[in-house]
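This is what each chain is made of:
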Amino acid sequence: MRKIKRLCGLFICCCVVVTSSVTAFAAEKVKEPFANLEVVTDKETINEIVSENPRIQKYLDQNEVFADLEIITDQNEIEKIWEENPDVKTLMKSKEYYYLAYVKGNGVRLRSTPSTSGVINGLLYETRKDWVLLNDNYSLNENYIWWQVSDSSIGYPGWIVNDYIYLSAAQSAGRAVTVPEIDFDTLKFVQ
């Protein structure tokens, strides 16, 4: 009986070793295929996908597009905006810390509050040369840095997300981000 148990044990061990070797060998031969992904930008296709899967809209609503901002320094461009928007000129003359900036990004949400749950007042597009009038107010909220927009080319005030990478890097490095230093010539946070 003892011999039978030993033989069974040896047989089981051999089976385990052979199975492990075959699995390891097979794993080396089989490669995981890469997924070729294409971002869907066509509104009809997006609407069709959302109508078939309504829960997806929740994620699309939370997906903030970051605004990279380019301060407008060309006086001719500023004068043109002032001519079309006299209120902007009045605001900029009344306070030192107003900046006109072009939005670099498409579909940037201009929200009513500095929050992903804030009402969307409109969308800003680099392709339309949309601009915003910023002051020196910002908010750190929901792991985003929000800039307050006093006026915009679409005619609404609000808040836009900008410079998220700095906040993420600072938090992952274990540093508390309370009042970061800002370079107001570029509207970027100084690290």
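All figures in this text were calculated on a predicted structure; none of them were measured in a lab. (Residues numbered from 1 in each chain as written. Predicted model: local features only at pLDDT ≥ 70, side-chain atom pairs only at ≥ 80, totals over all residues. Heavy atoms only, no water.)

Points about the overall build of the protein chain
Put simply, the rule is: Helix and strand labels come from DSSP, where a helix needs a run of H or I of at least four residues and a strand needs a run of E of at least two; each type is numbered from the N terminus. We call a residue buried when its accessible area falls under 20% of the maximum for its residue type, exposed when it is over 50%, and partly exposed in between, using a 1.4 Å probe and counting protein chains only. By definition in these notes, contact holds between two residues if any of their heavy atoms fall within 4.5 Å. Accessible areas in this description were obtained via Shrake-Rupley with a 1.4 Å probe; residue shielding takes into account the shown protein chains only.
What the protein chain contains, in helices and strands, is 6 helices and 9 strands. Counting all 191 residues of the protein chain, 30% fall into the buried class. The contacts of the protein chain with a sequence gap of at least 6 include a subset with a gap of at least 24, amounting to 56%. Carbon together with sulfur atoms contributes 55% to the accessible area of the protein chain, which is approximately 13,200 Å² in total.

Quick word on the pattern of salt bridges
The test is simple: Salt bridge, as used here: a side-chain nitrogen of Lys or Arg that lies within 4 Å of a carboxyl oxygen of Asp or Glu.
Evaluated as defined, the whole model comprises 3 salt bridges. For the salt bridge of Asp130 with Arg128, the shortest nitrogen-to-oxygen distance reads 2.8 Å. For Arg128, a relative accessible area of 46% translates into the label partly exposed. One continuous salt-bridge network, built from bridges that share partners, spans Glu70, Lys104 and Glu126.

A look at the side chain of Arg111
How we decide: For the purposes of these results, a polar contact is taken to be a pair of N or O atoms within 3.5 Å, where, inside protein, one atom must be able to donate a hydrogen and its partner to accept one; residues adjacent in sequence count only when each atom of the pair is a side-chain atom.
When you line up the elements, Arg111 lands in strand β3 (residues 106-111). In terms of polar contacts, Arg111 uses its side chain to reach the backbone carbonyl oxygen of Gly118, at 2.6 Å.

Digging into the nonpolar core
Rule in force here: Only buried residues count toward a nonpolar core, which is a set of Ala, Val, Leu, Ile, Met, Phe, Trp, Tyr and Cys residues joined through side-chain atoms within 4.5 Å.
In this structure, Leu69, Val103, Leu124, Val132, Leu134 and Ile160 are the most contacted members of the largest nonpolar core, which totals 14 residues. Contributing elements (two or more residues each) for this core: β1 (68-71), β2 (99-104), β3, β5 (131-141) and β6 (144-152). The element best represented in this core is β2, accounting for 3 residues. The contact partners of Val103, leaving out residues within four places of it in the chain, are Ala67, Asp68, Leu69, Val108, Leu124, Glu126, Asp130 and Val132. Within the second largest apolar cluster, 11 residues are counted, among which are Ile78, Ile81, Trp82 and Leu100.

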